[in-house]
Amino acid sequence: MVSIGSMRKAKLFLFDIDGTLLSTARAGEHALRLGFRERFGVEDDLSSISFAGSTDSAIASQMFAAHGIPPTPENIADLLDGYVHHLARELPLREGRVLPGIVELLEALHAREDCVLGLLTGNIERGAELKLSHYEMWDFFEFGAYADDHADRNKLGPVARARAVEKRGISFEAGDIFVIGDTPKDIDCARAAGFVAVAIATGKYSREELAAHRPDLLFEDLSDTGAALEALLGYGA
């Protein structure tokens, strides 16, 4: 196989998880509720918490703020440990699903020598691995940038880029790095790093709502693999 290092250009695709690759049927939210109750004795339906596009550590801080609990690193780590414990149990109990066209697109990109797949997600790494392993997608991704790296999603783009360079030993131009997600925060994250913003209306936000944030590419979903590939691979050409 010819290595990417011998090629003139390569494209880096950084995927969000929840609402973009899959839906866990709220397994993550339920795991957080159980972990919160178990570790801190607090019952909360989490209705006041903003989940879409937030990092796990930022969500934990919101939960603590709502109940007057100090958001110390130790408390956040304790809550997320409980979350991961319960997430492993919740995923098999819920009728989640892989979103339309995702596996076909990942297979097509993974097979190309000029494409690299990574994660840019608000999940902590342990949660990301549990979710993607459950839906048999973990092995598509060579590396990731996670909530473990920073609570602010907008800081994760450079982390992902650096890991791609370290992993592959080549550089990636900003215009060849695609952040693919389902929320305005994913679009903002791409913009913050100067990357290409790709929005998919498979999560909480409609196509019209996402369009208002002016992503570079916008899809209803990825069920048409050929059209998605053509748009992604042809962008900026």
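Our subject is the structure that appears above.
The rules behind each value
Residues numbered from 1 in each chain as written. Predicted model: local features only at pLDDT ≥ 70, side-chain atom pairs only at ≥ 80, totals over all residues. Heavy atoms only, no water. Helix = DSSP H or I, 4+ residues; strand = E, 2+ residues; numbered from the N terminus. Rg over C-alpha atoms; globule rule 2.2 N^0.38 Å. Buried < 20%, exposed > 50% of the residue type's maximum accessible area, 1.4 Å probe, protein only. Contact = heavy atoms within 4.5 Å. Areas by Shrake-Rupley, 256 points an atom, 1.4 Å probe, with all protein chains shown as cover. Phe/Tyr/Trp six-rings, centres within 6.5 Å; stacked < 30°, edge-to-face > 60°. Core = buried A, V, L, I, M, F, W, Y, C linked by side-chain atoms within 4.5 Å. 1 Å grid on protein atoms, 1.4 Å probe; cavity = no way out; pocket = protein on both sides within 12 Å on 5 of 7 lines; lining within 4 Å. Points joined across faces, edges and corners; volume = space filled by probe spheres on them. Nonpolar A, V, L, I, M, F, W, Y, C, P; charged D, E, K, R; others polar. Axes fitted to C-alpha atoms, helices over the stretch in contact; angles between N-to-C directions. Parallel < 35°, antiparallel > 145°, perpendicular 65-115°, else oblique. Left-handed = near helix turned anticlockwise from the far one by under 90°. Pairing = 2+ DSSP bridges.

*Asks:* Help me understand the overall build of the protein chain in this model?
*Replies:* Looking only at helices and strands, the protein chain features 9 helices and 8 strands. Taken over the C-alpha trace, the protein chain has a radius of gyration of 18 Å; the compact-globule value for 237 residues is 18 Å, and the two agree within 12%. In terms of principal-axis extent, the alpha carbons of the protein chain reach across some 55 × 35 × 35 Å. In the protein chain, which comprises 237 residues, the proportion classed as buried is 49%. Taking all contacts inside the protein chain whose residues are at least 6 apart in sequence as the whole, residues at least 24 apart take part in 66%. Accessible surface for the protein chain amounts to roughly 10800 Å². Of this, 48% is attributable to carbon and sulfur atoms.

*Asks:* Quick question: what am I supposed to make of unusual backbone geometry here?
*Replies:* In terms of backbone geometry, most residues other than glycine have negative phi values and most peptide bonds are trans. Of note in the backbone geometry, Glu-136 takes a positive phi value of approximately 60 degrees without being a glycine. Taking relative accessible area as the criterion, Glu-136 reaches 72% and is therefore assigned exposed. The phi dihedral of Arg-214 falls on the positive side, at around 55 degrees, and the residue is not glycine. Within the secondary structure, Arg-214 is located in the loop between helix 8 (207–211) and strand 8 (217–219).

*Asks:* Explanation requested: the packing of aromatic side chains in the structure shown.
*Replies:* Going through the model one piece at a time under the given rule, you end up with 6 aromatic pairs. For the pair Phe-13 and Phe-178, a centre-to-centre distance of 4.9 Å together with 20 degrees between the ring planes defines the contact as stacked. Highlighted residues: Phe-13 in strand 1 (residues 11–15) and Phe-178 in strand 6 (residues 177–181), separated in sequence by 165 residues. Note on Phe-13: relative accessible area 0%, which makes it buried. According to the relative accessible area criterion, Phe-178 is buried, its value standing at 0%. Ring centres 5.9 Å apart and planes at 55 degrees place the aromatic pair Phe-36 and Phe-40 in the tilted group. Taken together, the positions of Phe-36 and Phe-40, both in helix 1 (residues 27–40) and 4 residues apart, correspond to about one turn of that helix. The exposure class assigned to Phe-36 is buried, which follows from its relative accessible area of 1%. A relative accessible area of 22% means that Phe-40 is categorised as partly exposed. Put simply, the rings of Phe-13, Phe-178 and Tyr-235 touch in pairs and so form one group of aromatic residues.

*Asks:* Help me understand the nonpolar core, please; the structure alone is not making it clear to me.
*Replies:* Within the largest apolar cluster, 53 residues are counted, with the highest numbers of intra-cluster contacts made by Phe-15 and Leu-21. Ranked by residues supplied to this core, first place goes to helix 3 (residues 73–90) with 6 residues. Contacts of Leu-21, omitting those with residues within four sequence positions, involve Phe-15, Asp-16, Val-98, Leu-99, Ile-102, Leu-106, Leu-119, Leu-132, Met-137 and Phe-141. Core analysis: the second largest hydrophobic core is formed by 23 residues, Leu-156, Ile-170, Cys-189 and Ala-197 among them.

*Asks:* Which parts of the structure should I look at to understand the layout of surface pockets?
*Replies:* Once rolled over the atoms, a probe with the size of a water molecule shows which space is left empty. A volume near 660 Å³ is recorded for the largest pocket. Lining the largest pocket we find 36 residues, and of these Asp-18, Gly-19, Glu-29, Phe-51 and Ala-52 sit closest to its centre. Elements with a minimum of two residues in the lining of the largest pocket: strand 2 (22–23), helix 1 and helix 2 (56–66). Of all the elements, helix 1 adds the most residues to the lining of the largest pocket, at 3 residues. Of the residues belonging to the lining of the largest pocket, the class tally is 10 nonpolar, 14 polar and 12 charged.

*Asks:* What exactly am I supposed to notice about the packing of helix 4 (residues 102–110) against helix 9 (residues 225–234) here?
*Replies:* Helix packing geometry: the angle between the two helix axes and the distance between the axes. Contact geometry for helix 4 and helix 9: axes closest at 10 Å, N-to-C directions at 45 degrees. The angle between the axes of helix 4 and helix 9 places the two elements in the oblique class. Pair helix 4 / helix 9 crosses with right-handed handedness. Listed contacts from helix 9 to Glu-104, Leu-105, Ala-108 and Leu-109 of helix 4 are Thr-225, Ala-228, Leu-229, Leu-232 and Leu-233. Split by residue class, the contact of helix 4 with helix 9 holds 7 nonpolar, 1 polar and 1 charged.

*Asks:* I tried to follow the pairing of strand 1 on my own but got confused; where do I start?
*Replies:* On a regular strand, one side chain projects to one face of the sheet and the next to the other, so that they alternate. With 5 of 5 residues buried, strand 1 is to be regarded as a mostly interior element. Bridge count between strand 1 and strand 4 (residues 115–120): 5 bridges; the pairing is parallel. Paired with Leu-14 across the strands is Gly-118, a residue of strand 4. Inspection of the sheet shows strand 1 paired to strand 6 by 4 bridges, in the parallel sense. Note that in strand 6 the partner of Phe-15 across the bridge is Ile-180.

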